[in-house]
Amino acid sequence: MKILLTVDGSDHALRAARHVAAMGAYLAKPPTVLLLNVQPPVASGLVRRFLSQEALDAYYRDEARAVLEPAEKLLAQNGVATESHVVVGDVAASIAEFAAKHGCDQIVMGTRGLGGVKGALLGSVASEVLHLADRPVLLVK
């Protein structure tokens, strides 16, 4: 089984990671776990005028590492091997596209992330992923 576990630094994402770690005990064969952090793109053209693409890529990488490492550590402590990925783009669409492109059997994510006001106004990322994904989505509370 190939599981896509999305992480954003929230407590709900770590709960989802704990759930995936526990799932391994019930499966005949350990799952392949792809960890994914989606970085929203820097929207301002002004920022892009003053920063090189290399500087932006380094920023995205550093931000992603900060949220990927706790999940990697938690899963490793439970004997679950992971492969970490970072993409930049619309969060929900990127998750659904990544799962399809990498042949994931299931998407696992927390019910709430760090979206704040955007989630209140536009609907949660979890809800958007449910609508966009063409595979099972497990939401962990």
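What you see is a predicted model; the values in this text were computed from it and never measured.

S.K.: Where do I start with the overall build of the protein chain in this structure?
M.R.: Across its full length, the protein chain holds six helices and five strands. Of the regular secondary structure in the protein chain, the N- to C-terminal order runs β-α-β-α-α-β-α-β-α-α-β. By the burial criterion, 37% of the 141 residues in the protein chain qualify as buried. For the protein chain, the exposed surface amounts to about 8000 Å²; the carbon and sulfur share of it is 55%.

S.K.: What is the right way to look at the nonpolar core in this model?
M.R.: Across soluble globular proteins, nonpolar side chains show a tendency to be buried alongside one another. In terms of nonpolar packing, the biggest core is built from 19 residues, with Leu5, Val7, Val20, Val33, Leu35, Leu75 and Val108 touching the most fellow members. Elements with a contribution of two residues or more to this core: strand E1 (2-6), helix H1 (11-23), strand E2 (32-39) and helix H3 (53-77). Counting residues per element, this core draws most heavily on H1, at six residues. Excluding its chain neighbours within four sequence positions, the residues that come into contact with Val20 are Ile3, Leu5, Val33, Leu75 and Val108. The next biggest cluster of nonpolar side chains, apart from the first, holds 16 residues, and it includes Ile95, Ala99, Val129 and Val137.

S.K.: Explain the packing of helix H4 (residues 91-101) against helix H6 (residues 125-132) to me, please; I cannot follow it from the model alone.
M.R.: In helix packing, the relevant descriptors are the interaxial angle and the interaxial distance, both defined with respect to the helix axes. Their axes nearest at 8 Å, the elements H4 and H6 cross at an angle of 40 degrees. The angle between H4 and H6 places the two elements in the oblique class. When you trace H4 past H6, the crossing you get is right-handed. Across the interface between the two elements, Val91, Ala92, Ala93, Ile95 and Ala96 from H4 touch Val125, Glu128, Val129 and Leu132 from H6.

S.K.: I tried to follow the sheet that holds E2 on my own but got confused; where do I start?
M.R.: Consider a sheet: its strands pair through backbone hydrogen bonds, and that pairing is either parallel or antiparallel. The strand order across the open sheet formed by five strands is E3-E2-E1-E4-E5, and the pairing between neighbours is parallel. If you trace the sheet from one side to the other, it starts and ends with strand E3 (82-88) and strand E5 (137-140), each paired once. The sheet shows a mean angle of 25 degrees between the axes of neighbouring strands, direction not considered. For E1 and strand E4 (residues 106-110), the ladder comprises three bridges, and the chain directions are parallel. Across the sheet, Ile3 pairs through a bridge with Gln106, a residue of E4. Lying over the sheet, H6 contacts E4 and E5, oriented at roughly 165 degrees with respect to E4.

Each value, and the rule that gives it
Residues numbered from 1 in each chain as written. Predicted model: local features only at pLDDT ≥ 70, side-chain atom pairs only at ≥ 80, totals over all residues. Heavy atoms only, no water. Helix = DSSP H or I, 4+ residues; strand = E, 2+ residues; numbered from the N terminus. Buried < 20%, exposed > 50% of the residue type's maximum accessible area, 1.4 Å probe, protein only. Areas by Shrake-Rupley, 256 points an atom, 1.4 Å probe, with all protein chains shown as cover. Core = buried A, V, L, I, M, F, W, Y, C linked by side-chain atoms within 4.5 Å. Contact = heavy atoms within 4.5 Å. Axes fitted to C-alpha atoms, helices over the stretch in contact; angles between N-to-C directions. Parallel < 35°, antiparallel > 145°, perpendicular 65-115°, else oblique. Left-handed = near helix turned anticlockwise from the far one by under 90°. Pairing = 2+ DSSP bridges.

Any functional reading would require information that these geometric values do not contain.
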